[in-house]
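A structural walkthrough
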Amino acid sequence: MPTRRETLAASAAVTGAAFLSAVPAAAATEADSGRPPGGTIALAHATILGVGPDRTVLVRDGRIVRTGRSAEIEIPRGTTTYDLTGKYIVPGGLVEAHVHNDGPESVMPPLFPLNGVTAVREMWGKPLHHAWRDEVRAGRLLGPRWVIASSIIDGRPSIWAGEVGKVVEVADALSARRAVREAKAEGADFVKVYSRLDREAYEAIADESRRQGLRYAGHCPDVVPMARASDAGQQSIEHLHALTLATSSREDEIRRAIARIRIDPGLGSSLDRYASWFRQVHPLELQAIRSFDVGRTRALFDRLAANGTCVVPTLTVHHCLERTDQLAVDPAEMRYLPTWMTDEWEPTWAALTAGRTARDIAHLREIYAHRLRLVGELHRAGVQLIAGTDTGTGYAVPGFSLHHELELLSEAGVPDRDVLTAATTAAARMLALPADRADLLVLDADPRADIRNTQRIDSVLVGGRYVDRRERLHLLDEVARAAAASRPPAAGAAAPHICVH
């Protein structure tokens, strides 16, 4: 399979106007394209994945009212019909399970559905995200469904400084329980746990979350064995660092070394703290992968699978941080973000990678290759993988980046059918998304045959609104114009979020 860099170059040919001319648009009758919910539309003669060929979907007033064989569906008079012969429908659309969104309302939310992403899990909840969700629900903003985390709940001192967003630092069981109750009161859908929590606080969060009827997910804390996190009920493990340690025969020794790492509170910015952390933790990760233990790995992965613990590898951010020789973003994607945001990527990465030697770079390549191996082993062990990117990190464009994550999962050895499941039914099940919204993605080719076909988007049904090919490209152009006109907030541009460490 081609590398991501090669695929980016190839995919540019089907972006924007070039993509419009590549495949004839589906014919619409009796109405303009991209109409909002209201009236009846028929999406006719498509192959519905998991159902069969030549199916028709009837949508009335924003709800799917019937799906069946085209010959058996009676289309009411006055229905707007789209002939989707040769197209493939992904029921529900795609789900992006790890995002961090900040930026203009006219840019960030629309990019998800315009890339076929109809639901997202926001991993650091802020008032902005709740406001966006309200606007989407009211039909005033084109955007995905949002499942929104609490503020990050971390130990003291947190890796994060306060300039990026609210971080709740807890030092004992009492403050941990209080943080969970506050998260519920603020409307969080789940509790976000982080890396520097101590064992007492973590156990209190797990227990209080159950008492409050909340799920909890996030990082596996440095001092909590992954098996214990799984047994305690953590819904998902984000990123692959904890897995690297948990599959080492020297896990206990390396965890003790990590516990001795100190974060200097005098480091004023989160970027400085993360850069310091990276420099200290990478040699320990190298020790971990060079002491990989097959027996421990099988036992742990069997346990994760038995407990139903999901893993969100976020290969996109690992790739960006550990294969900096392959940093690449399609210029056709970059145009959809304000330059005041993208201009921060290069200096941020320069700060994170400052002082790396040729030997360090070689070691990081070795670490990344091991992460791909772990993803393949997780899949073979029956652990449910979920697709998420850590978008909000540099070199990841909302919506577009999920398609690249799917490619990376495929490169890790996950069959394309199962990669698609990680971004559709499995993700929707993990997020408990209700089936009361009319969402689907229409593609020009079957993604089960080649996962890159998720990028060959014909049209999208999002919240009952059908956005056909021409309307989609028009809306993308509007996003690009909004991005070009955007100016940084009064406080200035913030460095990109870096969630993984």
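Each remark here, short or long, concerns the structure printed above.
Reference entry: report on the structure contained in this document. Quick caveat, the model's predicted, so the values are computed rather than measured.

The rules behind the values
- Residues numbered from 1 in each chain as written.
- Predicted model: local features only at pLDDT ≥ 70, side-chain atom pairs only at ≥ 80, totals over all residues.
- Heavy atoms only, no water.
- Buried < 20%, exposed > 50% of the residue type's maximum accessible area, 1.4 Å probe, protein only.
- Helix = DSSP H or I, 4+ residues; strand = E, 2+ residues; numbered from the N terminus.
- Pairing = 2+ DSSP bridges.
- Arc of directions from axis to C-beta.
- Salt bridge = Lys/Arg side-chain N within 4 Å of Asp/Glu carboxyl O.
- Contact = heavy atoms within 4.5 Å.
- Phe/Tyr/Trp six-rings, centres within 6.5 Å; stacked < 30°, edge-to-face > 60°.
- Axes fitted to C-alpha atoms, helices over the stretch in contact; angles between N-to-C directions.
- Left-handed = near helix turned anticlockwise from the far one by under 90°.
- Nonpolar A, V, L, I, M, F, W, Y, C, P; charged D, E, K, R; others polar.

1. Some points on the pairing of strand 15 (residues 457-462)
- Burial of strand 15 is extensive: six of the six residues sit out of reach of the surface.
- Taken together, the four bridges between strand 14 (residues 440-443) and strand 15 define a ladder with antiparallel strand orientation. If you follow V442 over to strand 15, its bridge partner there is S459.
- Strand direction decides the pairing type here: strand 15 and strand 16 (residues 465-467), joined by three bridges, are antiparallel. Residue pairing across strands places V462 opposite R465, the latter belonging to strand 16.
- In sequence, strand 15 turns back onto strand 16 through a hairpin of two residues, with G463 there showing a positive phi of about 60 degrees.

2. A word on helix 9 (residues 251-259)
- Within helix 9, the full set of buried residues consists of E251, I254, R255, A257 and I258. Looking down the long axis of helix 9, one finds its buried residues gathered within 155 degrees of arc, a one-sided arrangement. The outward face of helix 9, more than 90 degrees from its buried face, is lined by the exposed residues D252 and R256.

3. Describing the pattern of salt bridges
- Per the counting criterion, the structure on display carries 34 salt bridges.
- Between E251 and R296 there is a salt bridge, with its nearest N and O atoms 2.3 Å apart. You can see E251 sitting in helix 9 and its partner R296 sitting in helix 11 (residues 294-307), a full 45 residues away along the chain.
- Overall, E251 belongs to the buried group, its relative accessible area being 8%.
- According to the relative accessible area criterion, R296 is partly exposed, its value standing at 33%.
- Residues R371 and E322 are paired through a salt bridge, measuring 2.8 Å at the closest nitrogen-oxygen approach. Remark: E322 occurs in helix 12 (residues 315-322) and R371 occurs in helix 16 (residues 358-380); sequence separation between them is 49 residues. The burial state of R371 is the same as that of E322; both residues are buried.
- Each of R177, R181, D207, E208, R210 and R211 takes part in one network of salt bridges that share partners.

4. Considerations on the environment of M430
- Position of M430 relative to the elements: it lies in helix 19 (residues 425-430).
- Placed 121 residues apart in sequence, M430 and T309 show a C-alpha to C-alpha distance of 9.6 Å.
- Not counting residues within four places of it along the chain, the set of residues in contact with M430 comprises A97, R121, R215, Q235, S236, C310 and I386.

5. Focus on the packing of aromatic side chains
- Counted by the stated rule, this structure contains six aromatic pairs.
- Between Y336 and F400, the aromatic rings sit 5.4 Å apart at their centres with planes inclined by 15 degrees, giving stacked as the arrangement. Of the two residues, Y336 sits in the loop between helix 13 (331-334) and helix 14 (339-342) while F400 sits in helix 17 (residues 400-411), which places them 64 residues apart along the sequence. With respect to burial, Y336 and F400 carry one shared label: buried.
- Relative to Y395, the ring of W349 has its centre 5.1 Å away and its plane inclined at 75 degrees; by these criteria the two rings are edge-to-face. Of this pair, W349 sits in helix 15 (residues 345-353) while Y395 sits in the loop between helix 16 and helix 17, and the two are 46 residues apart along the sequence.
- Given the relative accessible area of 15%, Y395 is considered buried.

6. Considering the environment of E346
- Here E346 lies in helix 15.
- Taking the relative accessible area as the measure of exposure, E346 reaches 62% and is therefore exposed.
- In sequence terms E346 and G394 are 48 residues apart; their C-alpha atoms lie 8.4 Å from each other.

7. Re the packing of helix 5 (residues 173-185) against helix 6 (residues 199-212)
- Interhelical geometry of helix 5 versus helix 6 gives an angle of 35 degrees and a closest axis separation of 8 Å. Of the two possible hands of crossing, helix 5 and helix 6 adopt the one that is right-handed. Packed against helix 5, whose contacting residues are A173, A176, R177, V180, R181 and K184, the element helix 6 presents E200, A201, A204, I205, D207, E208, S209, R211 and Q212 at the interface.
- Broken down by class, the residue content of the contact of helix 5 with helix 6 amounts to six nonpolar, two polar and seven charged.

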